[in-house]
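Here are the chains, one letter per residue:
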Amino acid sequence: MRMRTKEDSPPSVCQVVTSLLLSMEAGLELDVLIYPNEVRIATPEDLREWELETASQVSLPVCPRLFVALYPYNPAAMSPNPDTAAEELPFVPGQIIKVFGDKDCDGFYHGESGGLSGYVPSNLVAEIPVDDEYLKHLLMQQGFIPVDQTGMSLTPDVSEVSSVPEDVIVRRMVALFDYDPWESSPNVDSEDELGFRSGDIIYVLGAIDPDGFYYGDLRGRRGLVPSNFLQPLPWD
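Here the structure is a predicted model, which is why all the values come from computation and not from measurement.

**Quick look at the overall build of the protein**
Then step 1. Scanning the protein from N- to C-terminus turns up five helices and 13 strands.
Then step 2. Counting every position in the protein, which comprises 236 residues, the buried fraction comes to 36%.
Then step 3. Looking at the protein alone, contacts between residues at least 24 apart form 60% of all its contacts between residues at least 6 apart.

What follows is the structure, given as structure tokens:
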């Protein structure tokens, strides 16, 4: 038998006690409301009202997002807010940061990484578009993604992305994990896919296909690459 408490009035007890004894003998389970001056069996309407009140008091947990640091940040030397620099999070390129909530009016997120927590300048990090909780767990265990700091030009290297039609949109992405088509591919025709290592910079040509693959270029080699292994990398 489940018991619930609620503060209110009017009285009436005998019938409730009789009903309780009968229901216990029959092995039934009843919901009971206990008032300061009354005990009564809960109606379906009472239960619905109770559930709504309970649900309104439960705050849903904030699901963290994962970001990767694109540049080094030392708050003591670089913070635009010297008075609160101690509350900011230091990081190095490639470090994975767990971020909670949206950025504040000053352009800072609140994040955690390496056992530390603090404010994170949003212009020095990029979000990793991963929704799968298992992949998030793997990334947090890994802790770092190698980030290429040398190729942050406004246009791709012509030698790496040559002979691309003018109407094709080229995007720059970084590999989050190693990928061997012969071992990991879900497709039969894995010979059309491109193998790569975590941290490789891949130039994606065009849109994603219905199977979740891009057509990519890695140092002159081209083939299909799985979108869930990649993260967009800004040109600047």
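**A closer look at helix H4 (residues 133-142)**
The α-helix advances 3.6 residues per turn, and as a result positions three or four apart in sequence lie on the same side.
Then step 1. Listed in full, the buried residues belonging to H4 are Leu-135, Lys-136 and Leu-139. One side of H4 holds all its buried residues, which, seen down the axis, span an arc of 100°. Exposed positions of H4 whose direction lies more than 90 degrees from the buried face are Glu-133, Tyr-134 and Gln-141.
Then step 2. For H4, the secondary structure elements touched by its buried residues are strand S4 (65-69) and strand S5 (96-100).
Then step 3. Remark: Gly-143 follows H4 within two positions and exhibits a positive phi of approximately 85°.

**Section: the nonpolar core**
Nonpolar side chains tend to gather and get buried jointly when the protein is soluble and globular.
Then step 1. One finds Ile-128, Leu-139, Ile-145, Leu-176, Phe-196, Val-225 and Leu-230 to be the most contacted residues of the largest nonpolar core, which totals 29 residues.
Then step 2. Secondary structure elements with two or more residues in this core: S4, H4, strand S9 (170-175), strand S10 (201-205) and strand S11 (213-218).
Then step 3. By residue number, the principal contributor to this core is S10, which donates four residues.
Then step 4. Beyond its immediate stretch of four places on either side in the chain, Val-225 contacts Leu-194, Phe-196, Ile-202, Gly-212, Phe-213, Tyr-214, Gly-216 and Leu-230.
Then step 5. Listed in part, the twelve residues of the second largest apolar core include Tyr-73, Leu-89, Tyr-109 and Val-120.

**With respect to the pairing of strand S12 (residues 221-226)**
Then step 1. As defined by bridge partners, S11 adjoins S12 across six bridges and the pair is classed as antiparallel. Counted as the bridge partner of Asp-217 is Arg-222 from S12.
Then step 2. Hairpin remark: S11 followed by S12, antiparallel, with two residues in the connecting loop; positive phi at Arg-219, about 50°.

**Notes on a negative patch on the surface**
Then step 1. A cluster of acidic residues, Asp-189, Glu-191, Asp-192 and Asp-211, forms a negative patch at the surface.
Then step 2. Mapped onto the elements of the fold, Asp-192 is located in the loop between helix H5 (181-184) and S10.
Then step 3. We classify Asp-192 as partly exposed; its relative accessible area is 41%.

**A closer look at the packing of aromatic side chains**
Then step 1. In this structure the tally under the stated criterion is six aromatic pairs.
Then step 2. A connected cluster of aromatic rings, assembled from ring pairs, spans Phe-177, Tyr-179, Phe-196 and Phe-229.

**Regarding the pattern of salt bridges**
Then step 1. Counting across every chain of the model gives five salt bridges.
Then step 2. With a closest N to O distance of 3.8 Å, Arg-219 and Asp-200 form a salt bridge. Taken together, the residues Arg-219 in the loop between S11 and S12 and Asp-200 in the loop between H5 and S10 connect sequence positions 19 residues apart.
Then step 3. Each member of the salt-bridge network shares a partner with another, and the members are Arg-65, Asp-102 and Glu-127.

**Quick word on the confidence of the model for the protein**
Any region with low pLDDT has predicted coordinates that should not be read closely.
Then step 1. Of the residues in the protein, 69% have a pLDDT of 70 or more, and the chain-wide mean is 75.
Then step 2. Mean pLDDT in the protein bottoms out at strand S1 (residues 2-5), which sits at 47, and peaks at strand S6 (residues 108-113), which reaches 94.
Then step 3. Across residues 1-11, where pLDDT falls below 50, the model places 33 contacts with residues more than four positions away in sequence or in other chains.
Then step 4. Note that residues 149-162 has pLDDT below 50 and, in this model, 29 contacts with residues that lie over four places away or in other chains.

**Details of the sheet that holds S4**
Then step 1. With respect to topology, five strands assemble into an open sheet ordered S7-S6-S5-S4-S8, the strand pairing being antiparallel. Only two strands of the sheet have a single partner each, and these edge strands are strand S7 (116-121) and strand S8 (125-127). Neighbouring strand axes in the sheet, compared pairwise and without regard to direction, differ in orientation by 40° on average.

Thresholds applied
Once a new chain begins, its residue numbering starts again from 1 and follows that chain's sequence as written. A pLDDT threshold of at least 70 governs which residues receive local features in this predicted model, and a stricter bar of 80 or more applies before side-chain atom pairs are shown or counted, although totals over entire chains, interfaces and linings include all residues. Based on all heavy atoms of the structure, the side-chain values leave hydrogens and waters out of the count. Numbering of helices and strands runs from the N terminus, with a helix taken as a DSSP run of H or I at least four residues long and a strand as a DSSP run of E at least two residues long. Accessible area is worked out with a 1.4 Å probe on protein chains only. A residue is then buried under 20% of its type maximum, exposed over 50%, and partly exposed in between. The contact criterion used is simple: two residues touch if any of their non-hydrogen atoms lie within 4.5 Å. What the arc measures is the spread of directions leading from the helix axis to the C-beta atoms. To qualify as a nonpolar core, a set must consist of buried Ala, Val, Leu, Ile, Met, Phe, Trp, Tyr and Cys residues joined through side-chain atoms within 4.5 Å. DSSP-based pairing: two strands are paired if at least 2 bridges between them are found. Candidates for patches are residues over 30% relative accessible area with no salt bridge; among them, like charges are joined within 9 Å and nonpolar side chains (Val, Leu, Ile, Met, Phe, Trp, Tyr) within 5 Å. Surface accessibility follows the Shrake-Rupley procedure with a 1.4 Å probe radius. Residue values consider only the protein chains on display as shielding. Here, a salt bridge means any Lys or Arg side-chain nitrogen found within 4 Å of an Asp or Glu carboxyl oxygen. Note that His is not counted, nor are the chain ends; the positive residues are Lys and Arg, and the negative ones are Asp and Glu. Every charge is mapped onto a representative atom, which is NZ of Lys, CZ of Arg, CG of Asp or CD of Glu. Only centres within 6.5 Å qualify two rings of Phe, Tyr or Trp (six-membered ring in Trp) as a pair; their planes then separate them into stacked at under 30 degrees, edge-to-face at over 60, and tilted for everything else. For every residue, the predictor assigns a confidence score, pLDDT, that lies between 0 and 100. Fitted lines through C-alpha atoms serve as axes, helices being fitted only where they are in contact, and the angles separating the N-to-C directions of these axes extend from 0 to 180 degrees.

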